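Residue strings, one per chain:
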Amino acid sequence: MTTGAPKGENCLVDMDSKAGGLFSAEESHPTGTGGAGIMSRIWLPKGISASLIKEWLEKRRMSIRPWAGFVDQRKFSKPRNFGELCQRMVKNVDTYNSNYTFIFLGLILYCIVSSPMLLIALAVFIGAFYIIHLKSLESKLVILGKELNVPHQLGLAGAVSLPVFWLAGAGAAVFWVLGATLFVIGSHAAFRELEGSDMEELLMEPV
């Protein structure tokens, strides 16, 4: 009586190990410190881990100025001259950069959620990459004599989903997000009066 593995089990173990690699935290980053699984491979470039992004977002969240003061209408006024306008924009961008960052991220999220076609396009892109990535785990994908690595797989998935993005008006969405961000942040930075500490700092600066 043999005690070895039944026939076919080794094959199943091998396939499981390949599929498990999709969600392995160690394989998602060459140093083993990356994020978890396939999402890290899809979105995170080499040298950036999910933990770094989480830490960056946490620092941004902790440095947010109170939103009540951020939108306090009593603190807004028309700048007296161009010099004051420039001073306000420079100082306010430095003071409220975390608030502006989350406004930008919120506009991106709103654009995606409010556009069903854009959601479909993103789903097609992620689905195409997932299928291509699974195929590459089963056997090496070679095009024009070159094996497809992860960046190449992303490019192929982008080419497959490009018509859907075109139909969804992705280009217009990008310009809308950039335009809305510049308008909101620019308006706030220009018309938001400087804090007392900022005014004292400007007065103390040498001419």
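Residue numbers here run from 1 along each chain, matching the order of that chain's written sequence. Confidence filtering applies because this is a predicted model: local features only for residues at pLDDT of at least 70, side-chain atom pairs given and counted only at 80 or more, and all residues used for totals across whole chains, interfaces and linings. Where side-chain values are given, they derive from all heavy atoms of the structure, hydrogens and water being excluded.

1. Re the overall build of the protein chain
Segments assigned H or I by DSSP are reported as helices when at least four residues long, segments assigned E as strands when at least two residues long, and all are numbered from the N terminus. Of regular secondary structure, the protein chain possesses 10 helices and 2 strands. What you see in the protein chain, going N to C, is helices and strands ordered as α-α-α-α-α-α-α-β-β-α-α-α. Relative accessibility thresholds used throughout: buried, under 20% of the residue-type maximum; exposed, over 50%; partly exposed, between the two (1.4 Å probe, protein chains only). Of all 207 residues assigned to the protein chain, the portion counted as buried reaches 28%. Pairs of residues are marked as contacts when any of their non-hydrogen atoms sit within 4.5 Å. A separation of at least 24 residues holds for 69% of the contacts in the protein chain among residues at least 6 apart in sequence. Counting every atom, the protein chain has about 14,100 Å² of accessible surface; 68% of that belongs to carbon and sulfur. Each accessible area value is a Shrake-Rupley result obtained with a 1.4 Å probe; residue values ignore everything except the protein chains displayed when judging cover.

2. Quick word on the packing of aromatic side chains
What counts as a ring pair is set by centres within 6.5 Å for rings of Phe, Tyr and Trp (its six-membered ring), and what kind of pair is set by the plane angle: stacked under 30 degrees, edge-to-face over 60, tilted for all other angles. In this structure the tally under the stated criterion is 5 aromatic pairs. Each ring, one from Trp 67 and one from Phe 70, has its centre 5.2 Å from the other, and the planes form 80 degrees; the classification is edge-to-face. Pair noted here: Trp 67 and Phe 70 are both in helix α4 (residues 67-70), with a separation of 3 residues, about one helical turn. Under the relative-accessibility criterion, Trp 67 is labelled partly exposed at 39%. Taking 5.3 Å as the distance between ring centres and 70 degrees as the angle between the ring planes, the aromatic pair formed by Phe 70 and Tyr 96 counts as edge-to-face. Of the two residues, Phe 70 is situated in helix α4 and Tyr 96 in the loop between α5 (82-95) and α6 (97-113); the sequence distance between them amounts to 26 residues. Taking relative accessible area as the criterion, Phe 70 reaches 4% and is therefore assigned buried. Among the aromatic residues, ring-to-ring pairing joins Trp 67, Phe 70, Tyr 96 and Tyr 100 into one connected group.

3. Details of the packing of helix α7 (residues 116-138) against helix α8 (residues 150-168)
Between α7 and α8, the shortest axis-to-axis distance is 8 Å and the interhelical angle comes to 155 degrees. Accordingly, the angle class assigned to the pair α7 and α8 is roughly antiparallel. Read as a crossing pair, α7 and α8 show a hand that is right-handed. Judged by residue contacts, Met 117, Leu 118, Ile 120, Ala 121, Leu 122, Val 124, Phe 125, Ala 128, Phe 129, Ile 132, His 133 and Ser 136 of α7 engage Val 150, Gln 153, Leu 154, Leu 156, Ala 157, Gly 158, Val 160, Ser 161, Val 164, Phe 165, Leu 167 and Ala 168 from α8. Classifying every residue of the contact of α7 with α8 gives 19 nonpolar, 5 polar and no charged. As a rule, the C-alpha atoms of each element are fitted with a line to give its axis, helices using only the stretch in contact, and angles between N-to-C directions run from 0 to 180 degrees. For classification purposes, angles smaller than 35 degrees are called roughly parallel, those larger than 145 roughly antiparallel, those between 65 and 115 roughly perpendicular, and all remaining angles oblique. In this scheme the handedness of a crossing depends on how the near helix is turned from the far one: anticlockwise by less than a right angle means left-handed, clockwise means right-handed. Three classes are used, and their members are as follows: Ala, Val, Leu, Ile, Met, Phe, Trp, Tyr, Cys and Pro are nonpolar, Asp, Glu, Lys and Arg are charged, and the others, Gly among them, are polar.

4. Description of a nonpolar patch on the surface
Taken together, Ile 53, Trp 56, Leu 57 and Leu 105 make up a surface patch of nonpolar side chains, about 320 Å² in accessible area. Inspection of the secondary structure assignment puts Leu 105 in helix α6. Patch membership requires over 30% relative accessible area and the absence of a salt bridge. Like charges are linked within 9 Å, and nonpolar side chains (Val, Leu, Ile, Met, Phe, Trp, Tyr) within 5 Å. Salt bridge, as applied in this entry: a Lys or Arg side-chain nitrogen positioned within 4 Å of an Asp or Glu carboxyl oxygen.

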